[in-house]
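Working through the structure, step by step
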Amino acid sequence: VCLQINRIDHTEVLNDHQILFYMNGRERGHKVWVNNLSNRCSTLTRSDGFAWESSIPQYCDNLEIIRVLQTGQVCQLGAFSPYEKAS
């Protein structure tokens, strides 16, 4: 799964291994995607966000690297899947 960068409205860090991606409109039929990071990103929840280091206009499963702004920790995105909030 790949998400188009220009369709991402905002993100929300759930914990040290999951990030929600809120989409403008419906990307591949879903408004919210969850990424389960390849490994725990221990400083992600204690920071003020993260940045991508990518030269392509989309973020794909298991390919992209993020850098935690406050600490500089580098973490790899894992698989994207549709997110449904538990009721």
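What you see is a predicted model; the values in this text were computed from it and never measured.

About the thresholds
- Residues numbered from 1 in each chain as written.
- Predicted model: local features only at pLDDT ≥ 70, side-chain atom pairs only at ≥ 80, totals over all residues.
- Heavy atoms only, no water.
- Helix = DSSP H or I, 4+ residues; strand = E, 2+ residues; numbered from the N terminus.
- Rg over C-alpha atoms; globule rule 2.2 N^0.38 Å.
- Buried < 20%, exposed > 50% of the residue type's maximum accessible area, 1.4 Å probe, protein only.
- Contact = heavy atoms within 4.5 Å.
- Areas by Shrake-Rupley, 256 points an atom, 1.4 Å probe, with all protein chains shown as cover.
- Lys, Arg positive; Asp, Glu negative; His and termini not counted.
- Charge placed at Lys NZ, Arg CZ, Asp CG, Glu CD.
- Core = buried A, V, L, I, M, F, W, Y, C linked by side-chain atoms within 4.5 Å.

**So, the overall build of the protein**
Along its length, the protein carries 0 helices and 9 strands. Its C-alpha atoms give the protein a radius of gyration of 12 Å, near enough to 12 Å, the size a compact globule of 87 residues would have. Taking the principal axes of its C-alpha atoms as reference, the protein extends roughly 35 × 35 × 20 Å. Buried positions account for 31% of the 87 residues belonging to the protein. Restricting the contact set of the protein to residue pairs at least 6 apart, pairs at least 24 apart contribute 44%. Counting every atom, the protein has about 5100 Å² of accessible surface; 46% of that belongs to carbon and sulfur. Distance between charge centroids for the protein: 4 Å, based on 8 positive and 9 negative side chains.

**Here we look at the side chain of Thr 43**
Mapped onto the fold, Thr 43 is located in the loop between β4 (30-36) and β5 (50-52). Of the residues examined, Thr 43 reaches a relative accessible area of 12% and is grouped as buried. Among residues more than four places away in sequence, those in contact with Thr 43 are Val 68, Thr 71 and Gln 73.

**A short note on the nonpolar core**
Counting 16 residues, the largest nonpolar core has Ile 19, Phe 21, Leu 44 and Phe 80 as the members making the most contacts within it. If you list the elements that add at least two residues to this core, you get β3 (18-27) and β7 (65-68). At 3 residues, the largest contribution of residues to this core is made by β3.

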